[in-house]
Amino acid sequence: MMSAPSIGRPVRHGARFPRAVAAAAPELVGTVSQVLGLSVEVAGLPGAVGDLVRIDAGGPAGTLAEVVAATPTALRCMPLAPVEGLRVGLHARATGNALTVPTGPRLLGRVLDGLGRPMDGRPLAQPGSPIPRVPVAGSAPDALDRMRVDTPLSLGVRAMDTLITVGRGQRMGLFAGSGVGKSSLLSMIARGTDAQVSVIALIGERGREVREFIEDDLGPDGLARSVVVVATSDQPAMVRLRAAFVATRIAEEFRAGGGDVVLMMDSLTRVAMAQREIGLSVGEPPATRGYPPSTFSVLAQLLERAGTAARGSVTGIYTVLVEGDDHNEPVADAARSILDGHVVLTRELATAGHFPAIDVLGSVSRVASRVTNPAQQSLALRLRRVLAARRRAQDLLDVGAYAAGSDPLVDAAVTHAGAIDAFLRQDLDAPDGTAVAWEGLERLVAQLEVS
Ligand SMILES: Nc1ncnc2c1ncn2[C@@H]1O[C@H](COP(=O)(O)OP(=O)(O)OP(=O)(O)O)[C@@H](O)[C@H]1O
Ligand SMILES: [Mg+2]
């Protein structure tokens, strides 16, 4: 505290004092006052939600933690590294910044961790040319500035390109129980899509799968036009959550340059689970199935950032785990209400060896009618009618009680079951262009002879 000068003119230090303080740039040092669960409380530091603080622990670089809540006495932070070794009394310093994300075409072919740092052992920046960085917080484009979704995007998967057509700037969910083929379908799309750039976020998945995905599924050609962001299941919750936003931010920057980008996220459920851990750690009440309310607003914020903008597009494809094959599970429910369409994979088809295990009748693209022409819509509708008729008659067919000739649609389904299957099934490593897919559907529908 300064005491008032006792002699001479009163000093008007009101203006000079802050300037002197700024010039001297004293570093504020706070202390860790609590480590509880996965969160850390730091007392004695100013800071806003989203800022990073550096705790003096875990090596010379310290441990970074992100402020997630502020109380009158302390900052609640979530460390971006494991909490082991953190204790009360450690010093902590404000970095004055939020997390920043590297951007630009030099990221193509690179694999980054959840905080945007290279994982492949090579630096991002080159001597004399630093890599451009932007704050991780972005904002969704204004609703009225967004271009309409009116151009189809080829994914390389016949069943999707023709029957569940995706538009550039659409946000789709791939919904399925565990082990039904979500990640495999995503890798098929990564290889088969004709988008210029893919940003792929692997979040909360197993470490083993990451290498397989990059080396086998994506391959050198796929990787060359992709940016991969990885936060495996053993990473701290904050890193898993941030990875989703880092990948989204990178995709947004490609879009800002006018590009058509595909953003693939495996899995959105793991992002929601990371937010659940964070919310519960800082004292939010658990609501639906233990998910605190913030989970659903974080999902909405994340998904709203994909889509079209004034120029360019981010087509979002998110996998959603449906626990216990319960499609009304809260994360699946919330995702379905925000997304512009969903593809349902069923265990029934997967166990029968029918891959991709897409349940065409249970899947819908809300923009399909805007990105396909009437002739294409008619082809898709005719195959759907045959599939629906077969489903209706399935019980009768199973017990051999169906009388041939009683329904021309069912007859077509039975007679041409092999051809229908051949069209819907597709090998992982055999993506088809859109033109080929539509020709295949046209031939199939001609065979079915339904109007
Ligand atoms: N197109 C395909 N062709 C052949 N086999 C496939 C195909 N898709 C999936 N499979 C089989 O299904 C298994 C599980 O697939 P995948 O790992 O993609 O499922 P997942 O839904 O991502 O599972 P998890 O919920 O555990 O992440 C694979 O190991 C593979 O044997
Ligand atoms: Mg998977």
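Bear in mind that the values here come from a model prediction, so they are computed numbers and not experimental data.

Calculation rules
- Residues numbered from 1 in each chain as written.
- Chains lettered and ligands numbered in written order.
- Predicted model: local features only at pLDDT ≥ 70, side-chain atom pairs only at ≥ 80, totals over all residues.
- Heavy atoms only, no water.
- Helix = DSSP H or I, 4+ residues; strand = E, 2+ residues; numbered from the N terminus.
- Contact = heavy atoms within 4.5 Å.
- Areas by Shrake-Rupley, 256 points an atom, 1.4 Å probe, with all protein chains shown as cover.
- Lys, Arg positive; Asp, Glu negative; His and termini not counted.
- Charge placed at Lys NZ, Arg CZ, Asp CG, Glu CD.
- Pairing = 2+ DSSP bridges.
- Axes fitted to C-alpha atoms, helices over the stretch in contact; angles between N-to-C directions.
- Salt bridge = Lys/Arg side-chain N within 4 Å of Asp/Glu carboxyl O.
- Buried < 20%, exposed > 50% of the residue type's maximum accessible area, 1.4 Å probe, protein only.
- Phe/Tyr/Trp six-rings, centres within 6.5 Å; stacked < 30°, edge-to-face > 60°.
- Lys NZ or Arg CZ within 6 Å of the ring centre and 35° of its normal.
- Parallel < 35°, antiparallel > 145°, perpendicular 65-115°, else oblique.
- Nonpolar A, V, L, I, M, F, W, Y, C, P; charged D, E, K, R; others polar.
- Near = heavy atom within 4 Å.
- Polar contact = N/O pair within 3.5 Å; in protein donor to acceptor, adjacent residues only side chain to side chain.
- Left-handed = near helix turned anticlockwise from the far one by under 90°.
- Arc of directions from axis to C-beta.

S.K.: What is the right way to look at the overall build of the protein in this model?
M.R.: When helices and strands are counted, the protein shows 14 helices and 17 strands. Along the first, second and third principal axes, the C-alpha atoms of the protein reach 110 × 45 × 40 Å. Sequence-distant contacts, at least 24 apart, represent 71% of the contacts inside the protein between residues at least 6 apart. Accessible surface for the protein amounts to roughly 20,700 Å². Of this, 55% is attributable to carbon and sulfur atoms. For the protein, the distance from the average site of its 45 positive side-chain charges to the average site of its 47 negative ones is 8 Å.

S.K.: Would you mind going over the sheet that holds strand S1 (residues 29–36) with me for this structure?
M.R.: In a beta sheet, neighbouring strands pair by backbone hydrogen bonds and run either parallel or antiparallel. As summarised here, the arrangement of the six strands in space is S1-S2-S5-S4-S3-S6, forming a closed barrel in which the pairing is antiparallel. On average, adjacent strands in this sheet sit at an angle of 45° to one another, irrespective of strand direction.

S.K.: Help me understand the pattern of salt bridges, please; the structure alone is not making it clear to me.
M.R.: Two side chains carrying opposite charge are able to pair once their charged atoms lie near each other. Within the structure shown, the criterion is met by 23 salt bridges. Between Glu 212 and Arg 208 there is a salt bridge, and its shortest N-O distance comes to 3.5 Å. Of this pair, Glu 212 and Arg 208 both sit in helix H4 (residues 207–224), four residues apart, which is roughly one turn of the helix. On the basis of relative accessible area, Arg 208 is assigned to the exposed category, the value being 51%. In this structure, Arg 240 and Glu 277 form a salt bridge, with 3.2 Å as the shortest nitrogen-oxygen distance.

S.K.: What am I meant to see in the pairing of strand S3 (residues 51–55) here?
M.R.: Side-chain positions along a regular strand alternate between the two faces of the sheet. For S3 and strand S6 (residues 91–98), the ladder comprises four bridges, and the chain directions are antiparallel. Within the sheet, the bridge partner assigned to Val 53 lies in S6 and is Ala 94. Strand direction decides the pairing type here: S3 and strand S4 (residues 63–70), joined by four bridges, are antiparallel. From the neighbouring strand, Arg 54 faces S4, where its bridge partner is Leu 64.

S.K.: Please clarify how the environment of Leu 396 should be interpreted in this entry.
M.R.: Within the secondary structure layout, Leu 396 lies in helix H11 (residues 374–399). You can call Leu 396 partly exposed: its relative accessible area is 42%. Setting aside chain neighbours within four positions, we find Leu 396 in contact with Ala 401 and Tyr 402.

S.K.: Would you mind going over the pairing of strand S15 (residues 313–321) with me for this structure?
M.R.: Judged by how many residues are buried, S15 sits mostly within the fold: nine of nine residues are covered. Residues of S15 alternate between two faces, with Ser 313, Thr 315, Ile 317, Thr 319 and Leu 321 on one and Val 314, Gly 316, Tyr 318 and Val 320 on the opposite face, all of them buried. Sheet topology places strand S13 (residues 260–266) next to S15; six bridges connect them, and they run parallel. Residue pairing across strands places Leu 263 opposite Gly 316, the latter belonging to S15. Bridge count between strand S14 (residues 307–308) and S15: two bridges; the pairing is antiparallel. Each bridged residue has a counterpart across the sheet, and for Gly 307 the counterpart in S15 is Val 314. With antiparallel pairing between neighbouring strands as the criterion, S14 and S15 make up a hairpin whose turn holds four residues, including Gly 312 at a positive phi of roughly 75°.

S.K.: How should I be thinking about the packing of aromatic side chains in this particular structure?
M.R.: To describe a pair of aromatic rings, one takes the distance between the centres and the angle between the planes. Considering all chains together, one arrives at one aromatic pair under this definition. Sitting above the plane of the Phe 245 ring, Arg 242 keeps its charged end 5.4 Å from the centroid. Just above the ring of Phe 175 sits the side chain of Arg 336; from NZ or CZ to the centre is 5.0 Å.

S.K.: For this particular structure, what's the right way to read the packing of H11 against helix H12 (residues 408–415)?
M.R.: Between two packed helices, what matters for the description is the angle formed by their axes and the separation of those axes. Running from N to C, H11 and H12 cross one another at 85°; their axes reach a closest spacing of 8 Å. Relative to H12, the element H11 is oriented roughly perpendicular. Where H11 abuts H12, its residues Arg 385, Val 386, Ala 389, Arg 390, Ala 393 and Leu 397 lie against Leu 409, Val 410, Ala 413 and Val 414. Across the contact of H11 with H12, the residue classes tally to eight nonpolar, no polar and two charged.

S.K.: In this structure, what is going on with the site of ligand 1? I would like to understand it.
M.R.: Close to ligand 1 lie 13 residues, the nearest being Gly 179, Lys 182, Ser 183, Ser 184 and Arg 206. One nitrogen or oxygen atom from the main chain of Gly 181 is found 3.0 Å from an oxygen atom belonging to ligand 1. In the model, an oxygen atom of ligand 1 is placed 2.7 Å from a nitrogen or oxygen of the Ser 183 side chain. Relative to its unbound accessible area of 630 Å², ligand 1 is 69% covered by the protein chains. Across the shell around ligand 1, the residue classes tally to four nonpolar, six polar and three charged.

S.K.: So what exactly am I meant to see when it comes to the packing of H11 against helix H13 (residues 417–424) here?
M.R.: One can describe the packing of H11 onto H13 by two numbers: an axis separation of 12 Å at closest approach and a directional angle of 120°. Judged by the angle between their axes, H11 and H13 are oblique. The handedness of the crossing between H11 and H13 comes out as left-handed. Side by side, H11 and H13 meet where Leu 383, Val 386, Leu 387 and Arg 390 of the first sit next to Ala 417, Ile 420, Asp 421, Phe 423 and Leu 424 of the second. The class makeup of the residues in the contact of H11 with H13 is seven nonpolar, no polar and two charged.

S.K.: Can you help me understand helix H3 (residues 182–192) in this one?
M.R.: For an α-helix the count is 3.6 residues per turn, leaving residues at separations of three or four pointing the same way. Among the eleven residues in H3, eight count as buried, and that is most of the element. Residues of H3 that are buried: Lys 182, Leu 185, Leu 186, Ser 187, Met 188, Ile 189, Ala 190 and Gly 192. At its buried positions, H3 is contacted by helix H2 (158–163), strand S10 (171–176), strand S11 (197–203), H4, S13 and S15.

S.K.: I tried to follow H12 on my own but got confused; where do I start?
M.R.: Those residues of H12 that fall on the buried side of the exposure criterion are Leu 409, Val 410, Ala 412 and Ala 413. Down the axis, H12 shows its buried residues gathered within 155° of arc, on one side only. Exposed and oriented more than 90 degrees from the buried face of H12 are Pro 408 and Thr 415. Of the residues flanking the start of H12, the one acting as N-cap is Asp 407, its side-chain oxygen 2.9 Å from the backbone nitrogen of Leu 409.

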